[in-house]
Amino acid sequence: MANLKFYNPSTNMLRAYMVNFNDQSLRENDTCFGEYLETRQLSFDNICSVLKKLLTIEDLSKMEVYTQLMQTNVSVMRVDSVRYEINLSQTEINAEDVLKPDMDELVLVPNASLLEMPLPNPLILAQMPHIHESLDPRDNKCRHVGSIVKVENSSVIFEYSNIDLMNLHKKWNIIFRSPRIPFRLMYHALDLLMVCRTERNYLFAIPNLTNRLHKSDCFEEFSLINTQIATNSEQLQAVKQIVNGPNSLAPYIVFGPPGTGKTTTIVEAILQLCLLRPESHIIVTAGSNSACDTVALKICELIENNVRFADQKTKVVLRVFSRQRYEQGLDNVDPLVVKYSNCVNFFRAFKNLNLKRYRIIVTTLCLVGLLALKDTNVQFTHVFIDEAAASTEPETLLGIVGIKNAACHIILSGDHKQLGPFIGSQRASSLGFGQSLLERLMLSKWYQLDASGNYDRTLQTRLRRNYRSHPEIVGLFNKLYYNDELMALAPPMKVNMAAKWKKLANATFPILFHNIYGKTCYKVNSKSRYNQQEAQVLSWYVRILLGRGIGGGLRVKQQDIGVITPYLAQCELIKQIFKERGLFDVDVGTVHRYQGREKPIIVVSLVSSYTCASFVTNPRLLNVILSRAMSLLIMIGNPVSLGASKDFQYIINKCELHQNVLGKMIDNKTSLQG
């Protein structure tokens, strides 16, 4: 990464930062962005400058959070030969919510350094590398940079192996910072895009696209690996189009609403390319490690079990992990994925990998961005970007710019009606930074449906058949978010688990809303919320399900239950309650963590009670919550607060219509009788 610039903020952006990025400051000396403020539309001409400005707003906002953790007059304690510990004085934010072990850095700043060069104004500039960091370690002005390895609310442990800190009795000033690798890679991608007109054209579906809307292509026939796809016309269409070559003038999109087999579809296409196109070299990528692991596991399972790959197993796929991910531990990664990774027995870095040997490389967008910095001499033919709606456009560009060549196809898969990218800066979000490339394209005229509901099949496939959930569960999110275009086709034996559960007054509608009027509390030094009463009610449901079963002689295992809540603090509270009761295998997670996953039974704690519930009532977040359950969905929350959302009002009304509402106000407590 020595050739990756630091991209220090410009003087103009620092001035804008000082006035909270108001419109006037962003327009200053930037006619292009001034026009964008009026139109809010990206174009061939403005995409690079606009996205770079929005990226900078997000970057500076994130750096500002790190500055709030700065410490003064701190003692350093030795843990062992290379590790040291500092205690933190109280700050307005929780260090655990900000600092990332094995990634972030800590800078020990001696007073002598500050006397010569005081902290800058604005303070975020202290996040940049400083000339005193390159001094001889014995110089009393030298700033020592350590790697953070463990973070707790009141202490931080870091590694520093360059010298022995002999003066442990002296006091230090502490700067925490991120190396900002993802941001720097995105700036670099935008720089490359600026000088590459061909790739910019590719990102804007231009009017001279050949419209083949009503043309029936004569596709090359092939033998399916997953034969179930044969009965799904949309999945089969997508696989055939990708294998035979989608439109070369714009990205191909596989739009996959919940439970419609998006991952199954792209995995089939990837493996068919390997079998039918000997020249193919494929990158499969996503913004998160979990999304990459999901796709990699399905690829590895099919390779292991299909005779057509018997002679080339070790040369088909390589799951590439970063060093940081390896050092954090791969205990939660399926052993089969690890078997096909760069972490078998020991870690192998990109520079030590012969990428030409492998047909499929699976890794995160950030690592693809690093790959683009290196001269690998590998010409990739296809890039599959999964969960593309959950990444910002600059992040998605890491999988395109510097990787795509004239013969390379880009395939985006995801659902822009579910959770989008997480944006830390409200200002950047309000200016459109949260819109993904996939969403921008799907909203453009070239990807929209015509008056008859048709679309250009050389540009996209829209999956419609849900095989995950009970028809009534599908009915909720289908009505609210998909214009009733989805078809519920899950086998009854798979989704009728709750058909005889006595807690449901109407078992044909396996959705239950439990009224609870608990108190919303905030975790100390954090914006995250929790609700003790809801956690207790949720625990009660879980114990009832595990203890009594779900009727008809059906037992419930801990692994059958998923617990979802929008707030990390509520996750921690519920996990603690479960731990005390020996429930270690009930999976508890935030909505973001559950995107793309499923469980037979989902129990939801919505937390917000008599407080602003805008986060909880976000339609995309609610869409994920509703679409994770296969057989039974239990929602626990305050109907008064949630009822302010028309979507929640619809859900509660449906439950009332089917008499599946429990919980009453009795002396300010929720009854659990019955």
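Shown above is the structure to which this text applies.
Residues numbered from 1 in each chain as written. Predicted model: local features only at pLDDT ≥ 70, side-chain atom pairs only at ≥ 80, totals over all residues. Heavy atoms only, no water.

## Quick notes on the pairing of strand β20 (residues 561-565)
Inference 1: Taking burial as the measure, the five residues of β20 include five buried ones, the bulk of the element.
Inference 2: Residues Ile 561, Val 563 and Thr 565 of β20 are buried on one face, and the alternating residues Gly 562 and Ile 564, pointing to the opposite face, are buried as well.
Inference 3: For β20 and strand β22 (residues 599-605), the ladder comprises four bridges, and the chain directions are parallel. Looking across to β22, one finds that Val 563 is bridged to Val 603.
Inference 4: In this structure, β20 lies alongside strand β21 (residues 587-590), joined through four bridges in parallel fashion. Bridge pairing in β21 places Gly 562 opposite Asp 587.
Inference 5: As for the winding sense of the linkage, the β-α-β connection from β20 through helix α22 (residues 568-580) to β21 is right-handed. (Buried < 20%, exposed > 50% of the residue type's maximum accessible area, 1.4 Å probe, protein only. Helix = DSSP H or I, 4+ residues; strand = E, 2+ residues; numbered from the N terminus. Pairing = 2+ DSSP bridges. Right-handed = clockwise from strand over helix to strand, strands pointing away.)

## Some thoughts on the packing of helix α10 (residues 262-276) against helix α11 (residues 289-305)
Inference 1: Following both chains from N to C, one finds α10 and α11 inclined at 50 degrees, their axes separated by 10 Å at the closest point. Comparing the axis directions of α10 and α11 gives the class oblique. Crossing angle aside, the handedness with which α10 passes α11 is right-handed. Across from Thr 263, Val 267, Ile 270 and Leu 271 in α10, the residues of α11 making contact are Val 295, Lys 298, Ile 299, Leu 302 and Ile 303.
Inference 2: A breakdown of the residues in the contact of α10 with α11 according to their chemical character gives seven nonpolar, one polar and one charged. (Axes fitted to C-alpha atoms, helices over the stretch in contact; angles between N-to-C directions. Parallel < 35°, antiparallel > 145°, perpendicular 65-115°, else oblique. Left-handed = near helix turned anticlockwise from the far one by under 90°. Contact = heavy atoms within 4.5 Å. Nonpolar A, V, L, I, M, F, W, Y, C, P; charged D, E, K, R; others polar.)

## What to know about helix α3 (residues 31-39)
Inference 1: The complete set of buried residues in α3 reads Phe 33, Gly 34, Tyr 36 and Leu 37. Down the axis of α3, the buried set is contained in an arc of 160 degrees. They therefore lie on one face. Within α3, the exposed residues directed more than 90 degrees away from the buried face are Thr 31, Glu 35 and Glu 38.
Inference 2: Looking at the packing, one finds that the buried side of α3 touches α2 (23-27) and α4 (47-67).
Inference 3: Directly after α3, the chain includes Arg 40, whose backbone phi takes a positive value near 55 degrees. (Arc of directions from axis to C-beta.)

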